[in-house]
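Chain by chain, the residues run as shown.
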Amino acid sequence: MQLIRVSSYEELSRKAADIISAQVILKPGCVLGLATGSTPIGTYRQLIERFRRGDLDFSRVTAFNLDEYLGISPEHPQSYHAFMQEQLFRHINICPRRCHVPEGCAEDPRAFARAYDQAIAEHGGIDLQLLGIGNNGHIAFNEPGDAFIKETHVVSLKKSTIEANKRFFTSIDQVPTQAITMGVGSIMQAKKVLLLAEGPVKKDALEKALYGPICPQMPASILQLHPDLTVICHVDG
Ligand code: F6R
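Now for a look at the structure at hand. It should be emphasised that the depicted structure is a prediction, and the values quoted were computed from it without experimental measurement.

Quick look at the sheet that holds strand β3 (residues 62–65)
Strands sit in the order β1-β10-β9-β6-β2-β3-β5 across an open sheet of seven strands; the sheet is parallel. The open sheet has two free edges, formed respectively by β1 (2–5) and β5 (99–100), since each of these has just one partner strand. Sheet topology places β1 next to strand β10 (residues 229–234); four bridges connect them, and they run parallel. Its bridge partner being in β10, Q2 is matched across the sheet by T230. Here helix α7 (residues 203–211) sits on the sheet and contacts β1, β9 (192–198) and β10; the angle it forms with β10, its principal contact strand, is near 155 degrees.

Some words on unusual backbone geometry
Across residues other than glycine, the phi torsion is negative in most instances, and most of the peptide bonds are trans. Positioned with a positive phi, A140 is a non-glycine residue whose angle comes to about 50 degrees. Along the chain, the position of A140 falls in the loop between β6 (128–131) and β7 (153–156).

Some remarks on the packing of aromatic side chains
Summed over all chains, the structure comprises seven aromatic pairs. Considering the side-chain rings of Y69 and F141, the 5.9 Å spacing of their centres and the 40 degrees angle between planes classify their relative orientation as tilted. Of this pair, Y69 sits in strand β4 (residues 67–69) while F141 is found in the loop between β6 and β7, placing the two residues 72 residues apart along the sequence. Across this residue pair, the class does not change: Y69 and F141 are buried.

Things to note about the pattern of salt bridges
Two side chains of opposite charge can pair, provided their charged atoms sit close to one another. Following the criterion strictly, the structure yields 11 salt bridges and no others. When the shortest N-O distance is used, the salt bridge between K192 and D228 registers 3.3 Å. Of the two residues, K192 sits in strand β9 while D228 sits in the loop between α7 and β10, which places them 36 residues apart along the sequence. Overall, K192 belongs to the partly exposed group, its relative accessible area being 36%. For D228, a relative accessible area of 28% gives the class partly exposed. Linking D236 and K203 is a salt bridge whose minimum nitrogen-to-oxygen distance equals 2.7 Å. Placement of the pair is D236 in the segment after β10 and K203 in helix α7, with a sequence separation of 33 residues.

What counts, and where the lines are drawn
Residue indices follow the written sequence of each chain, beginning from 1 at its first position. Owing to the predicted nature of the model, reporting of local features is limited to residues with pLDDT of at least 70; listing and counting of side-chain atom pairs is limited to 80 or more, with chain, interface and lining totals taken over all residues. Processing note: side-chain calculations cover all non-hydrogen atoms of the structure and skip hydrogens and water entirely. Strands are treated as partners if at least two bridges between them are detected by DSSP. Secondary structure follows DSSP: runs of H or I at least 4 residues long count as helices, runs of E at least 2 residues long count as strands, and numbering of each begins at the N terminus. In this analysis, two residues are considered to be in contact whenever any of their non-hydrogen atoms come within 4.5 Å of each other. To obtain an axis, a line is fitted to C-alpha atoms, over the contacting stretch when the element is a helix, and the angle between two such axes runs from 0 to 180 degrees between their N-to-C directions. Ring geometry is summarised as follows: Phe, Tyr and Trp rings, the Trp one being its six-membered ring, pair when their centres sit within 6.5 Å, and such pairs are stacked at plane angles under 30 degrees, edge-to-face over 60 and tilted between the two. Only protein chains enter the accessibility calculation, which uses a 1.4 Å probe. A residue is then buried if its area is under 20% of the maximum for its type, exposed if over 50%, and partly exposed in between. A carboxyl oxygen of Asp or Glu within 4 Å of a side-chain nitrogen of Lys or Arg is what we treat as a salt bridge.

What follows is the structure, encoded as structure tokens:
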């Protein structure tokens, strides 16, 4: 594991964008695993700037997002589809048909989940997986539980996640209670993983994830077993 401690969110975002840029430059047809949430917004801004300067070309990149709320249409302003369009996709030259975000409104979410894993496998897996970490140690929406789940699956969100994500909604009862999420299989099979942790609120989860026991009650702890993990953190205020 490579642990990079930085002193500002700006620096975290620049360094994360450096790593993603290097991936896209070295392998223009790469497969990126992408995350939503507050943490990667600065990274995406950096990538957009670099694209606008002519330093990056996303025309051959394929993206698979980690997760989506269940029962929310792609047009819903708080959907992760809308987030990705707004924060990244519509500002760069990535091909829309190469942008994959789980379908929150799939008629049969379980069949969709199987097809999502198959599509990732057919693309040869993920080259670089970008991750945030939940206050409760979740990665994607792999919530603390009794077992690690390998496959993309439907999950009931923990109270702590609903509480943390209510800031994006008008009230807590607007926050969906279920989601569809990539499992830890595709994440652990990614060739490289880049985990970002921003803010003192993530300090405890990050320490437990990186140095505590590897257990499903702390889903991010499985990353200790990843052979090429880079962590960029700004958790000391
Ligand atoms: C988002 C995701 C989540 C977030 C995590 C941190 O696609 O998979 O695991 O990365 O909840 O969210 P923020 O960055 O908002 O603190």
